[in-house]
Each structure stands twice: as structure tokens, then as C-alpha cells.
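# Coordinate inspection notes
Single-letter residue listing:
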Amino acid sequence: MHSLAWQRRSQRMVIHLLLILGSGAMLFPFLWMISTSLKGPDEILSDSLDLIPSSLHWQNYPQAWNAQPFGRYFLNTIFVASVTVACQLFFSSLAAYAFAFFRFPFKSFIFIALLGTMMIPQQALLVPDYVILARLHWLDTYLALIVPWTASVYSVFFFRQFFMTLPKDLFDAAVVDGCSYVGFYFRILMPLSKPPLLTLGIFSFLGSWNAFIWPLIVTNSTHLRVLQVGLAYFLSEAGTEWGLLMAASTFSIVPLVIAYFFVQKKFVQSQAMTGLKE
Amino acid sequence: MAGVLFEAVSKYFENVKVIDRLSFTIDDREFVVIVGPSGCGKSTSLRMIAGLETVSSGNVYIGDKIVNDVLPRDRDIAMVFQNYALYPHMNVYRNMAFGLQLRKYPREEIDRRVKRAADILGINQFLDRKPKQLSGGQRQRVAVGRAIVREPAVFLFDEPLSNLDAKLRVQMRSEIRKLHLQLNTTMIYVTHDQVEAMTMGDRIIILKDGILQQVGSPMQIYRNPQNLFVAGFIGSPAMNMIPGRLERFGDSLAIKTSVCEIEIKPEIRNRFKLDSTSNVILGIRPEDLVLTGNDDQNRAFGELTGHVDLVETTGAESMVHLSVHEIELVARVTSYSDIRHGQTLNLVFNLAKIHLFDRDTQESLCRDA
């Protein structure tokens, strides 16, 4: 008995140690960012690896905020990310609905072809996508920032897998009850799809919030600029203003961190539940 | 209220034929059970009545109207599914009211119908609960309730009791039967369980590989199975089948099998069409094998001797598994008979109850079948 209890305890200790190491590795860049945002230029460029600044340069924050119209960038980013998420969830779930519940010619071929597109790296698509938007005269508009991201193969796949776990009889029962196909989507399918909606919503919101290359190449005007592109202002050939960049990076993640605290429990639950059938 | 008619209905999935020119009539207010082994096309037939599957050829009528191209919601049917198919995010009340809400019934009417159905099924106290807070039997009641509130012309049941435990299944079986008497509506019930079919149906439709085998009342089918498949499928334990040959000696006729030789007297012979057949299968139900109580030494004429392999007791009666030469037979006896494994017993056939089938066509040779 003694040895069994000891074995369990040592197992737990090893697990906790690994978790602590893992969280440390994850947290360190954030702590380094916050620490750098409070250091003066001399200390940043010195060889010191101190996490705690020798003197606190709080002025980095107002200076960074005023260097660029960050208020506007925040609004742009929130707008673009919210519309992208809403559209992506709607269109992807509609496509997945068709794949999961209907019979139509070449269904599996189309689905596999869609999955195949996931293997093409984003960078390879930059030029053709740019050309398409240029021909549509959408460059330097909100449309260029939003429309290309309103559907995602990954989301279609994820929704389809979830829908396949729902009993097909549910669909038949609704049809016999008098539900139209659209009615089933809104009245039955979506209310049952909270876990994938939440998971994919968070993924695509983060993706959109952190997008850099695409907004950089399709927009020029300052009033359309998003946060990540705004941050790049501090990187220049003359030298990078690390203190300001880190201060701006810190306030750019604040809304995400706050949002995460609110949905943390649901987020973890949704991750755990998406594969389970009730 | 309406009957249902299948007129040479076929169904293909891709190129596989699952229903082959199926024709039958279900009368208004009748309780009909469609039964057969898995993959026989019984659920597909039901789904074609519901409009959940298209008809490849032929016509399906509900009442006097062809419904091949009518949407499920316009067919005036309601269906109860095997795994209940209750909407998990709605409470019991909303599950039952959903179909009526979609049809824009007034709120008071919906309320009246849901409460009435809940009364009939005894689920009043669960109206606010979600399906996952209910037991299997309660969920099945809600699924039936959802069908009742619609007051449809035809009720369809797709193996509704297969997910319930044995005791509950017997209870729900009689409840559904009582419900039919109470509502007096056409009900079509699909099952693979021949006991359910025998106990519930006014009539039974038996399918195998998408082909109609026999239609009739439970006792008609039990007494006069039209072919070997029906004879083996209906009845538990199944009918004993013994291959044999018909032999004619002048005017008299006998069946010679590896276990016995039976003389067919004229009054029995008249029941069968025996003109050209010689290879037959002799069928005898377990209750028509009579143990004579004699032991091996004192065998009377016409008796055969079997070795008891196994005795299964169900309470009121026992099934005695015997081997006679290489043939295995089952006899049904009262549990009071003191029979043990390893014993040797003599038995006779109740000749008035024998069945004969053509070994090649597998069809019954009985004139009444």
C-alpha cells in the first residue's frame, strides 16, 4: 500500500513538473515582452538578461499609443475579426450541413478536393489572390480584408465531423415534423452546435486578430490599417524601437487576454467535447 | 384516417435493388407489422411511406392519393424512430409542440393537444425536462407523444422498442397496442422481432431480401406458412425441418426421412398438393412433437427415439433439444415433465399438424397456404 501511494504521488509530481516547465516556456516570451516594454533603450540593448527593469519607463506606453492612430487600428481589427468570424461560421457550417446530411453527385470527390486545398501553403496563394482582388477593384478596401476569409476548409471539415456525430434520425424527425431544410439548420442544427461554433469562433478570431501579411499587402491607407500592421511601424531600417514596439504589442493583446478569461472554461470544455456524442 | 397501398413498388440504392415490386394493402385503422431479418427492406418501405426515401418505380398511396412526390410534411403521417430522435436542446413540451408550432397552430390548441397526449402517456410531470434527464422508456413515450399530438392519418413506428430492456419492451408493446385501440388510427410498425410482430399486429407483412413472403393475420401465418423461410422465421423456437422423400405404394403414400417413416392417411393427404413432388421437407412445430413417455425398449409403432442434448426451462414450459440420428429436433413440453440431459425419450408427430414443403421451390405444399 505504501509503495502504491508513493508511486501515485511521484507520478503526479512528474506530471506537475512537466506542466510547470511547459507553462514556463509558454509564458516566458510574454513576460519578456512586458519587461522590455518597461525598459529604457539603453537597458534593452545591453547584455543584461534581467526580467525586472532597473528603472520603469512607463512613458513607453503613451508614446507608443500616440505614435500611430492605434484607436483606429483597434476598431478596424475588431470590425474585421468580428465580421470574418460571423461569416466564416455561417458559410462553413452551411457547407458542412450539405456534406453531412445530403446526398448529391460527386459528394466525396468534392469533399476530398476541398480537403486537398489545405495542403497548399498560404504563401503560394498570395499572388493569385492579390491578382483576383485587384481585378475586382477591391484592393485597399474592407472587402479585401474580410471576403477571402469568410469560408475556411478547416472549419467545414470540423463542422462536418461534428454533424456526423448527430443522429441522422434527428434530421428525419424534423422533416416529418414539417421542418424545411433551412428550418432544420436554424432551429435544430445550430442550437446543438455550440461546441464547434465556440471553438472555431475562437480560432478564427485569433487568426484574424493576428493576421499580418495579408492586411499588409492588400491595404495602403492608414484608415484601413489593422493592429499587426500598425505594430510594424516601429520596425524600420534605421533601427527598431523595441521599447515602443513591446509596449504596443502588450496593449494589442490586452482585449484577447480579457476575452479569454471570460470564455476560458467554455473554451476548454468545447475542446474536450467536440468529439463526444451525447 | 387513411389506408396505405403499395403498388409494385421497387427501390434501388445506386444499382442495388432493395425492394422488388412490392405490393400490399393496409386498411384504414389497421395495425400492421412489417417484419423480416435485417436488410430485408422493411425500414426502407416504411421510410418510403414517410417520404424520407424516394420511390424508384411503382406507386405509394396514402388514402386514395399517390404520394410519390409529396413532401413528408404534407403526407399527414407521424413517425416514431428507433433512437427516439428527440431534440436534445428542447424540453419535453417543446419537443411535442414543435411540429404543431411549425404548422402555425394557435397556442391554446397546441397546449390542449400536448397536455392530452401527456395525459394518455403519463408524462405530465416531465414536460419541463430535457430528454437527457429522462430514462429510455420515458424518452420513447415522449417520442410517441410527439406523434400523437399531430393527430396524423397514419402512424409509423420504426423499431421503436429495440433500445429498451426486455421488461420495458413487453410493457411498451401492450401500451402501443392499447394506444391503437384508443386512437383508432392506421398504424404501421416495423420490427425484426417476430414475437413483437405476432403479439401486436392485426396483420403481419413478412419481407425477405426486398421480396414479399407472406401477408396475413398472426395465426394464419403461424398455422399456414407459405414457404420455408416464413415457417422458420415465425415461431420461437423455430419449426423443426426434416428432409425426406415421398414414396408411393399403389394407393398409399408415405414420407421417408432419415429419422422415421410416416404413412400419410387420405384425410391428411387431402390437405396437400402432392402430385408431382417427391423431394420434400417435413415441418413440425415444437409443440406438435409429442413425448410419449415410453422408454426405448417399449417403442410403439410410429414412435421415434431421441437423445436429450439440452433442456431449456422458461418457467411454464421447457424446450427439449433432442438428436435423432443426425437430425436435431426441439420439443415444447410443460415444465412439470421431469426430463434431464442425457436421457433417451420416445416421441411421435401430431400428424394433423405436419407441414410439407417442396425441397426445390421451398414453397408450402399445403392447399390452404
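Residues numbered from 1 in each chain as written. Chains lettered and ligands numbered in written order. Predicted model: local features only at pLDDT ≥ 70, side-chain atom pairs only at ≥ 80, totals over all residues. Heavy atoms only, no water.

Of the regular secondary structure elements, chain B holds nine helices and 20 strands. In terms of its C-alpha atoms, chain B occupies a principal-axis envelope of roughly 80 × 45 × 35 Å. Considering only contacts within chain B whose residues lie at least 6 apart along the sequence, 67% involve residues at least 24 apart. For chain B, the accessible area works out to roughly 16900 Å², and carbon and sulfur atoms hold 46% of it. Within chain B, one finds 46 positive and 46 negative side-chain charges whose respective centroids are separated by 8 Å. (Helix = DSSP H or I, 4+ residues; strand = E, 2+ residues; numbered from the N terminus. Contact = heavy atoms within 4.5 Å. Areas by Shrake-Rupley, 256 points an atom, 1.4 Å probe, with all protein chains shown as cover. Lys, Arg positive; Asp, Glu negative; His and termini not counted. Charge placed at Lys NZ, Arg CZ, Asp CG, Glu CD.)

Residue and element names in this part refer to chain A. Domain boundaries in chain A define domain 1 (2–44) and domain 2 (60–273). Relative to domain 2, the C-alpha centre of domain 1 lies at a distance of 31 Å. Listed by partner, the interface residues are eight residues for domain 1 and nine residues for domain 2. Overall, the association of domain 1 and domain 2 removes approximately 630 Å² of surface from exposure, summing both partners, and the carbon and sulfur fraction of that is 74%. When the area that domain 1 buries against domain 2 is broken down by residue, the three leading residues are M33, S37 and I44, summing to 67%. Across the domain 1-domain 2 interface, the total number found is zero salt bridges. Summed over the shared surface of domain 1 and domain 2, the result is three residue pairs in polar contact (both at pLDDT 80 or more). (Domains from an automatic or database assignment. Buried area = accessible area lost by both parts, 1.4 Å probe. Salt bridge = Lys/Arg side-chain N within 4 Å of Asp/Glu carboxyl O. Polar contact = N/O pair within 3.5 Å; in protein donor to acceptor, adjacent residues only side chain to side chain.)

Next up on the list: empty space enclosed by the protein. Over the atoms rolls a probe the size of a water molecule, and its path tells where empty space is left. Per the stated rule, a full pass over the model turns up two cavities of 30 Å³ or more. A volume near 40 Å³ is recorded for the largest cavity. Counting residues per element, the ones that place at least two in the lining of the largest cavity are α9 (168–177) of chain A together with β6 (77–80) and α4 (136–148) of chain B. If one sorts the elements of the lining of the largest cavity by residue count, α9(A) sits on top with three residues. When grouped by side-chain class, the residues that make up the lining of the largest cavity number six nonpolar, no polar and three charged. Around the second largest cavity sit 10 residues that line it, and B:R223, B:N224, B:H355, B:S364 and B:C366 are the ones nearest its centre. Of the residues contributing to the lining of the second largest cavity, the split by class is five nonpolar, three polar and two charged. (1 Å grid on protein atoms, 1.4 Å probe; cavity = no way out; pocket = protein on both sides within 12 Å on 5 of 7 lines; lining within 4 Å. Points joined across faces, edges and corners; volume = space filled by probe spheres on them. Nonpolar A, V, L, I, M, F, W, Y, C, P; charged D, E, K, R; others polar.)

Counting residues at the interface gives 18 residues for chain A, matched by 25 residues for chain B. Here chain A and chain B share an interface that buries about 1800 Å² over both sides, 61% of which is from carbon and sulfur atoms. Of all residues in chain A, A:D169, A:V176 and A:D177 bury the most surface against chain B, accounting for 35% of the area lost on that side. Taken together, the connections running from chain A to chain B amount to three salt bridges. Across the contact surface, chain A and chain B share eight residue pairs in polar contact (both at pLDDT 80 or more). Looking at the side of chain A that touches chain B, the elements with two or more residues in it are α9 and α10 (181–192) of chain A. Per element, the largest residue contribution to the side of chain A that touches chain B is eight residues, and it comes from α9(A). Its residues placed into classes, the side of chain A that touches chain B shows 10 nonpolar, two polar and six charged.

So, about the packing of aromatic side chains. The final tally for this structure, using the stated rule, is 39 aromatic pairs over all chains. A ring pair is formed by A:F70 and A:Y73, whose centres lie 5.3 Å apart and whose planes are at 75 degrees; its orientation type is edge-to-face. Of the two residues, A:F70 and A:Y73 are both situated in helix α4 (residues 70–101); the distance of three residues between them amounts to about one turn of the helix. For A:Y73, a relative accessible area of 0% gives the class buried. Ring centres 6.2 Å apart and planes at 5 degrees place the aromatic pair A:F70 and A:F234 in the stacked group. Of this pair, A:F70 sits in helix α4 while A:F234 is found in the loop between α13 (227–231) and α14 (242–273), placing the two residues 164 residues apart along the sequence. Take A:F70 and A:F234: they sit in the same class, and that class is buried. In this structure, B:R146 packs its charged tip against the face of B:Y87, placed 4.9 Å from the ring centre. B:R177 extends its terminal NZ or CZ atom over the ring of B:F31, reaching a point 5.2 Å from the ring centre. (Phe/Tyr/Trp six-rings, centres within 6.5 Å; stacked < 30°, edge-to-face > 60°. Buried < 20%, exposed > 50% of the residue type's maximum accessible area, 1.4 Å probe, protein only. Lys NZ or Arg CZ within 6 Å of the ring centre and 35° of its normal.)

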